[in-house]
Amino acid sequence: MAVHWKLVIDAADPHRQAAFWAEALEYTLEDHSVLIEKLLGFGAVTEDLLTEAAGRKAWRDLAGVRHPEDPYDEEKGSGLGRRILFQRVPETKTAKNRLHIDLHPGGGRLEEEVARLESLGAKVLRRIAEPSGTWVTMADPEGNEFDVE
């Protein structure tokens, strides 16, 4: 049986990162407000653990995105399939990623996709053309590298 997983990325601003990657991947921002309101009502969480994001209550230190076609838990708002969770950490990024995301827009749309990602806040770091392929290495708003092929 396959193991269920999610990719967790450290971030200074998890909500900004989630908003960027939701747009970049055409994913859905997770909405945890139903669970948050329930936990507030029980007195299980306090307002200092929360913020407002996209016009609703959200966890201050966590934000997630999920594939729009995958199942999700309606009460918790968490994806049950392809999912990325951004968690606030105090330290900043200091070195090259050991893991990164590759985006494959297909159909000869490399430059169009690079321009779209730049409009969302990504930066081009370098362009690579090798016998094995052509791609653009970019950085998301917090400097995490990813490739567009």
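Criteria and cut-off values
- Residues numbered from 1 in each chain as written.
- Predicted model: local features only at pLDDT ≥ 70, side-chain atom pairs only at ≥ 80, totals over all residues.
- Heavy atoms only, no water.
- Helix = DSSP H or I, 4+ residues; strand = E, 2+ residues; numbered from the N terminus.
- Buried < 20%, exposed > 50% of the residue type's maximum accessible area, 1.4 Å probe, protein only.
- Contact = heavy atoms within 4.5 Å.
- Expected span 1.5 Å × (residues − 1).
- Pairing = 2+ DSSP bridges.
- Axes fitted to C-alpha atoms, helices over the stretch in contact; angles between N-to-C directions.
- Arc of directions from axis to C-beta.

1. Re the side chain of Asn144
Piece 1. Residue position: Asn144 is located in the loop between strand E9 (133-139) and strand E10 (145-148).
Piece 2. By relative accessible area, Asn144 is classed as buried at 14%.
Piece 3. In this structure, Asn144 is in contact with Ile9, Gln17, Lys93, Asn97, Met138 and Ala139, ignoring residues within four places of it in sequence.

2. Some points on helix H1 (residues 14-25)
Piece 1. Over its twelve residues, H1 runs 16 Å from end to end, which matches the ideal 16 Å to within 8%, given 1.5 Å per residue.
Piece 2. Every buried residue belonging to H1 is among Pro14, His15, Gln17, Ala18, Phe20, Trp21, Ala22 and Ala24, and all of these are buried.

3. Description of the sheet that holds E10
Piece 1. Ordered by their spatial adjacency, four strands build an open sheet running E7-E10-E9-E8, and the pairing between neighbours is mixed. Looking along the sheet, the strands with just one partner apiece sit at the ends: strand E7 (101-103) and strand E8 (123-130). The average undirected angle you get between the axes of adjacent strands in this sheet is 25°.
Piece 2. Across three bridges, the pairing between E7 and E10 is parallel. If you follow Asp102 over to E10, its bridge partner there is Asp147.
Piece 3. Packing against the sheet, helix H3 (residues 110-119) makes contact with E7, E8, E9 and E10, and its axis sits at approximately 0° to E9.

4. Considering unusual backbone geometry
Piece 1. Positioned with a positive phi, Glu26 is a non-glycine residue whose angle comes to about 60°.
Piece 2. Mapped onto the fold, Glu26 is located in the loop between H1 and strand E2 (28-29).
Piece 3. Positioned with a positive phi, Ala54 is a non-glycine residue whose angle comes to about 55°.
Piece 4. Within the fold, Ala54 resides in the loop between strand E3 (50-53) and strand E4 (56-59).
Piece 5. Note on Ala54: relative accessible area 59%, which makes it exposed.

5. Section: helix H2 (residues 33-42)
Since the α-helix turns once every 3.6 residues, residues separated by three or four places project in the same direction.
Piece 1. Among the residues of H2, those classed as buried are Ser33, Leu35 and Ile36. In a view along the axis of H2, the buried residues occupy a sector of 155°, so they form one face of it. For H2, the exposed residues set more than 90 degrees away from the buried face come down to Gly41 and Phe42.
Piece 2. In this structure, the buried side of H2 is in contact with E3 and E4.

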